[in-house]
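Single-letter residue listing:
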Amino acid sequence: MDLKNSVLKKVLPKHIAIIMDGNGRWAKQKGMLRAFGHENGTKSVKQTVEACAELGVENLTLYAFSTENWNRPKLEVQTLMKLLVSSLKKEIKTLQENNIKLSAIGSLNTLPKKVYKELFEVIESTAQNTRMTLTLALSYGSREEILNTVKEISIKVKNNIISAENIDESIINEHLYTQNLPDVDLLIRTSGEQRISNFLLWQIAYAELYFTSVLWPDFTKQHLYEAIIEYQKRERRFGKTSEQLS
Ligand code: FPP
């Protein structure tokens, strides 16, 4: 039986998040510039989006650019921004045809004007799509997101819109960038690193973590199926005992 059919036999994760890592090392292994790795990384993005949509995964969130990534050499940042614009231009039709809604999280107002404009054109034109939500984390940092949330809620408390006693998890969820997304079920990181790197810290509280040594540009649909099969083998207890679940 092929891997895709095995995946479809069991419950799918509702929300997959991916730390796409290893583009630079992939290029270096081939004696090429880092930009070559990023370019090839976009092919893995396409494969992964397609695979998730085909399977029926409802939410896919990709860590495309962190707040810390601004500290990379200027040329590399420019390359990544250019790749984003060209990918958005190229893939808008595919997103429409496949009924995929594009969304973005992060401090989006820090993005170059051209990227911001292209991004919001695609977000607006796919807003009615319902099959899957593809969220790009861009200029994203989880601590910054939590900080903003705390500030916004504090202002509402100060203005008597929310009372401090009523602050609960749902109020926090509503103020995070991911307000419309469910918690992450499966977090994948490629390239052998086993870190979270300031990604969705609140939202991964009960996520299953999956680390693979595959470098992002080598990541294919088959690798995604393998990750989901591993997820499907895990027992998610949410703090309960095994006996309570059965
Ligand atoms: C990590 O590899 C990857 C990134 C910082 C950027 C990810 C971007 C893409 C895959 C391309 C554009 C994205 C979209 C959504 C179209 P790294 O550079 O940190 O690799 P290294 O750890 O081997 O140096």
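See above for the structure.
Residues numbered from 1 in each chain as written. Predicted model: local features only at pLDDT ≥ 70, side-chain atom pairs only at ≥ 80, totals over all residues. Heavy atoms only, no water.

Looking at the overall build of the protein chain
Helices and strands together make up the secondary structure of the protein chain, namely 9 helices and 6 strands. In terms of C-alpha radius of gyration, the protein chain reaches 19 Å, essentially the compact-globule figure of 18 Å for 246 residues. Structurally, the protein chain occupies a C-alpha span of about 55 × 50 × 35 Å along its principal axes. Per-residue burial for the protein chain yields a buried fraction of 46% across its 246 residues. Pairs at least 24 apart in sequence give 77% of the contacts found in the protein chain among residues at least 6 apart. Approximately 13400 Å² of the protein chain is accessible, and the part contributed by carbon and sulfur atoms is 52%. Positive and negative charge centroids in the protein chain, built from 33 and 29 side chains respectively, lie 6 Å apart. (Helix = DSSP H or I, 4+ residues; strand = E, 2+ residues; numbered from the N terminus. Rg over C-alpha atoms; globule rule 2.2 N^0.38 Å. Buried < 20%, exposed > 50% of the residue type's maximum accessible area, 1.4 Å probe, protein only. Contact = heavy atoms within 4.5 Å. Areas by Shrake-Rupley, 256 points an atom, 1.4 Å probe, with all protein chains shown as cover. Lys, Arg positive; Asp, Glu negative; His and termini not counted. Charge placed at Lys NZ, Arg CZ, Asp CG, Glu CD.)

Some details on helix α4 (residues 74–97)
If you check α4, its first and last C-alpha atoms are 35 Å apart, about what 24 residues at 1.5 Å a residue would give, namely 34 Å. Approximately 45° is the largest bend angle found in α4, and it occurs at E91. Among all positions of α4, only E76, V77, L80, M81, L83, L84, V85, L88, E91 and L95 are buried. Against α3 (34–55), β2 (59–66), β3 (100–105), α5 (113–125) and β4 (132–140) lie the buried residues of α4. Positive backbone phi, at 60°, marks N99, one or two positions downstream of α4. (Expected span 1.5 Å × (residues − 1). Bend = angle between axes of the 7 residues up to and from the residue.)

Some details on the packing of aromatic side chains
Scanning the entire structure with this criterion turns up 8 aromatic pairs. Considering the side-chain rings of Y63 and F199, the 4.1 Å spacing of their centres and the 10° angle between planes classify their relative orientation as stacked. With a gap of 136 residues between them, Y63 in strand β2 and F199 in the loop between β5 (186–189) and β6 (208–211) connect regions that are remote in the sequence. (Phe/Tyr/Trp six-rings, centres within 6.5 Å; stacked < 30°, edge-to-face > 60°.)

Digging into the layout of surface pockets
Estimated volume of the largest pocket: approximately 1100 Å³. The wall of the largest pocket is formed by 47 residues, among which M20, V45, Y63, A64 and W216 lie closest to the centre. If you list the elements that add at least two residues to the lining of the largest pocket, you get α2 (23–29), α3, β2, α4, β3 and β4. Broken down by element, the residue count for the lining of the largest pocket peaks at 11 residues, all from α3. If you add up the space inside the second largest pocket, you get close to 330 Å³. Along the wall of the second largest pocket there are 16 residues; nearest its centre are L176, Y177, T178, Q179 and N180. Those elements that place two or more of their residues in the lining of the second largest pocket are β3, α6 (142–158) and α7 (169–175). The leading source of residues in the lining of the second largest pocket is β3, at 4 residues. Tallied by class, the residues present in the lining of the second largest pocket amount to 5 nonpolar, 8 polar and 3 charged. (1 Å grid on protein atoms, 1.4 Å probe; cavity = no way out; pocket = protein on both sides within 12 Å on 5 of 7 lines; lining within 4 Å. Points joined across faces, edges and corners; volume = space filled by probe spheres on them. Nonpolar A, V, L, I, M, F, W, Y, C, P; charged D, E, K, R; others polar.)

Side note on the packing of α4 against α5
Here α4 crosses α5 at 15°, and the two axes come no closer than 9 Å. Taken together, α4 and α5 sit at an angle that is classed as roughly parallel. Classified by chirality, the crossing of α5 by α4 is left-handed. Residues M81, L84, V85, L88, K89, I92, L95 and Q96 of α4 pack against K114, V115, E118, L119, V122 and S125 of α5. Class assignment of the residues belonging to the contact of α4 with α5 gives a composition of 9 nonpolar, 2 polar and 3 charged. (Axes fitted to C-alpha atoms, helices over the stretch in contact; angles between N-to-C directions. Parallel < 35°, antiparallel > 145°, perpendicular 65-115°, else oblique. Left-handed = near helix turned anticlockwise from the far one by under 90°.)

Let's talk about the pattern of salt bridges
Under the counting rule described, the total for this entry stands at 15 salt bridges. With a shortest N-O distance of 3.0 Å, K221 and E50 are connected by a salt bridge. Of this pair, K221 sits in helix α8 (residues 221–233) while E50 sits in helix α3; the two residues are 171 residues apart in sequence, bridging distant segments of the chain. The exposure class of E50 is partly exposed, given its relative accessible area of 30%. Across the salt bridge formed by K221 and E54, the nearest N and O atoms sit 3.1 Å from each other. With K221 in helix α8 and E54 in helix α3, this residue pair connects regions lying 167 residues apart in the sequence. Shared partners join several salt bridges into a network, and the residues in it are D21, R25, R189, E193 and R195. (Salt bridge = Lys/Arg side-chain N within 4 Å of Asp/Glu carboxyl O.)

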